[in-house]
Amino acid sequence: MVATAATSAFLQIPSPASDSAGKTPGKALGSVPASVDARGTNAKSKSTSSGRLHVKANAQAPPKVNGSKVGSMESLKTEDMSPPPRTFINQLPDWSMLLAAITTIFLAAEKQWMMLDWKPKRSDMLVDPFGLGQIVQGGFVFRQNFSIRSYEIGADRTASVETLMNHLQETALNHVKNAGLLADGFGSTPEMCKRNLIWVVSKMQVAVDRYPTWGDVVQVDTWVAASGKNGMRRDWLVRDSNTGDILTRATSLWVMMNKETRKLSKMPDEVRGEIGSYFVDSPPLVDDDSRKLPKLDEKTAENIHSGLTPRWSDLDVNQHVNNVKYVGWILESAPLEILETHELAGMTLEYRRECMRDSVLQSLTSIVEDGSGDSSRPGIVECQHLLRLEGGGEIVKGRTKWRPKFVDKIGSFGQLPHENA
């Protein structure tokens, strides 16, 4: 019945002329009246007497049987085989395949990256080698790592002495900060700030065994100890983070100065109570060089560099010249032949007074020992330095020791307070 109804809409049906002459359309079981379409509704025939194909007005619509749409197998095949309409979405590439290709490339690159021969990491290195450091050795030692940058390299392709001095100063400030004692000012504690007190360095001794180069990572350890009744000593130990070899040792003495009067001050008991618990009982890393420096002036100096003036960038937050800048000014008058053939192995600096923004200075240098007459110290040169105001006031007095370049380095030594204990 379904097939008959579907076929009647498309196939040629012979004209029922012989029956229409005197008979009423039959209603036999299984037959469909000619005047009834495939949907079971009455409709007038549009056929002609020639018996041509009957075309119904709704022949395109899918028939329904018992409320369900049906159609011929030919029409279904035609619809299944027809290509989908061309749309923007159908013309896009297969994103799943593209994503799979990108993922494969990244996984291969990551594998090659992990196979590179990186420097081995020691177990005691910081998790973040370029972070702000951490307090170790039972809370008494502060440790921080530094990567040597290309702009910190000098003419010898090694880190300059100013770079090392900046590392020492940075770790000292971060030590105070990590201990929770940093307030306003340059390393001042809360009790110091209440009394307008700041730290100033009075003496610095540095011994350099080897200079790091570009790309090296150095590990700086620092700690503090008492120095007399009103002073503080700070030590630094600089190692190669990869090998553990000691590169630099330094010892410094600090006193307090009133920020308003610019005069030295005693250490108040309140300040001692803040920092006293961080003091360690250990000897200095660099033996005290107590040799008296001979008088140096324009008559005894072999090299004089005049007209040195601080720039705005040379001042620190306490409005005086940063002590690291003094090192560069001292070396301004060092003989060129020494700079070209020797490297700085150690220095002792004694700070006499601070340098302000409007100061004009002179740098004086004299060679004390050229090493030619001492077979036990071949090639060692010692120089005496003076940095003074052009008016005559002494800023820094110092002594430097130089060794020939490209020779076997001095053996490393030195211990942390915890290790020494």
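All figures in this text were calculated on a predicted structure; none of them were measured in a lab.

Focus on a nonpolar patch on the surface
Part 1 of the reasoning: Together, Trp 95, Leu 98, Ile 102 and Phe 106 give the surface a local cluster of nonpolar side chains, amounting to about 450 Å² of exposed area.
Part 2 of the reasoning: For Ile 102, a relative accessible area of 39% puts it in the partly exposed group.

Some thoughts on the pattern of salt bridges
Part 1 of the reasoning: Counted under the stated rule, the structure contains 20 salt bridges.
Part 2 of the reasoning: Across the pair Asp 240 and Arg 210 runs a salt bridge, and its minimum N-O distance is 3.4 Å. Taken together, the residues Asp 240 in strand S7 (residues 231-240) and Arg 210 in the loop between strand S5 (197-208) and strand S6 (217-227) connect sequence positions 30 residues apart.
Part 3 of the reasoning: Exposure remark for Asp 240: the relative accessible area of 10% places this residue in the buried category.
Part 4 of the reasoning: For Arg 388, the salt bridge goes to Glu 298, with nearest N and O atoms at 2.6 Å. Here Arg 388, found in strand S13 (residues 381-389), pairs with Glu 298, found in the loop between helix H7 (269-275) and strand S10 (303-308); they are 90 residues apart in sequence, far enough to count as distant.
Part 5 of the reasoning: One connected set of salt bridges, linked through shared partners, spans Glu 191, Lys 194, Arg 195 and Glu 270.

Digging into the pairing of S5
Part 1 of the reasoning: In terms of residue burial, S5 counts as a mostly covered element, since 11 of its 12 residues are buried.
Part 2 of the reasoning: Pairing of S5 with strand S8 (residues 246-258) involves 11 bridges; the strand directions are antiparallel. When the sheet's bridge partners are listed, Val 201 is paired in S8 with Trp 254.
Part 3 of the reasoning: Here S5 pairs with strand S11 (residues 342-351) via five bridges, running antiparallel.

With respect to the confidence of the model for the chain
Part 1 of the reasoning: Per-chain confidence: the chain averages 77 in pLDDT, with 67% of residues scoring 70 or above.
Part 2 of the reasoning: Within the chain, no element has a lower average pLDDT than helix H1 (residues 2-8), which sits at 42, and none a higher one than S7, at 97.
Part 3 of the reasoning: Here residues 117-129 is a poorly scored stretch, pLDDT under 50, and it has 20 contacts once near neighbours within four places are set aside; other chains count.
Part 4 of the reasoning: In the predicted structure, residues 408-414 sits below a pLDDT of 50 and forms 14 contacts with residues beyond four places in sequence or in another chain.

Some remarks on unusual backbone geometry
Part 1 of the reasoning: You will see that Gln 137, though not glycine, has its phi angle at about 55°, which is positive.
Part 2 of the reasoning: Among the secondary structure elements, Gln 137 is positioned in the loop between strand S3 (134-136) and strand S4 (141-147).
Part 3 of the reasoning: The backbone phi angle of Arg 157 is positive, close to 65°, even though this residue is not glycine.

With respect to the environment of Ser 359
Part 1 of the reasoning: Here Ser 359 shows up in the loop between S11 and strand S12 (361-369).
Part 2 of the reasoning: According to the relative accessible area criterion, Ser 359 is buried, its value standing at 11%.
Part 3 of the reasoning: Along the backbone, Ser 359 and Leu 308 are 51 residues apart, and their C-alpha atoms lie at a distance of 8.3 Å.
Part 4 of the reasoning: Within the local environment of Ser 359, its side chain forms a polar contact with the backbone nitrogen of Met 356, the two atoms lying 3.2 Å apart.

What to know about the side chain of Ser 241
Part 1 of the reasoning: Considering the arrangement of structural elements, one finds Ser 241 in the loop between S7 and S8.
Part 2 of the reasoning: A polar atom in the side chain of Ser 241 sits 2.7 Å from the backbone oxygen of Val 217.

A closer look at the packing of aromatic side chains
Part 1 of the reasoning: All chains considered together, the criterion is met by two aromatic pairs.
Part 2 of the reasoning: Taken together, a centroid distance of 6.1 Å and an interplanar angle of 40° make the contact between Tyr 326 and Trp 329 tilted. Of this pair, Tyr 326 and Trp 329 are both found in helix H8 (residues 323-331), three residues apart, which corresponds to roughly one turn of the helix. Trp 329 carries the same exposure label as Tyr 326, and that label is buried.
Part 3 of the reasoning: Between Tyr 326 and Tyr 351, the ring centres sit 5.7 Å apart and the planes meet at 40°, which makes this aromatic pair tilted. Linking Tyr 326 in helix H8 with Tyr 351 in strand S11, this pair joins segments that are 25 residues apart in sequence.
Part 4 of the reasoning: Of the residues examined, Tyr 326 reaches a relative accessible area of 3% and is grouped as buried.
Part 5 of the reasoning: Residue Tyr 351 is classed as buried on the basis of its relative accessible area, which comes to 11%.

Procedures and definitions
Residues numbered from 1 in each chain as written. Predicted model: local features only at pLDDT ≥ 70, side-chain atom pairs only at ≥ 80, totals over all residues. Heavy atoms only, no water. Patch = residues over 30% accessible without salt bridge, like charges linked within 9 Å, V, L, I, M, F, W, Y side chains within 5 Å. Areas by Shrake-Rupley, 256 points an atom, 1.4 Å probe, with all protein chains shown as cover. Salt bridge = Lys/Arg side-chain N within 4 Å of Asp/Glu carboxyl O. Buried < 20%, exposed > 50% of the residue type's maximum accessible area, 1.4 Å probe, protein only. Helix = DSSP H or I, 4+ residues; strand = E, 2+ residues; numbered from the N terminus. Pairing = 2+ DSSP bridges. pLDDT = per-residue confidence, 0-100. Contact = heavy atoms within 4.5 Å. Polar contact = N/O pair within 3.5 Å; in protein donor to acceptor, adjacent residues only side chain to side chain. Phe/Tyr/Trp six-rings, centres within 6.5 Å; stacked < 30°, edge-to-face > 60°.

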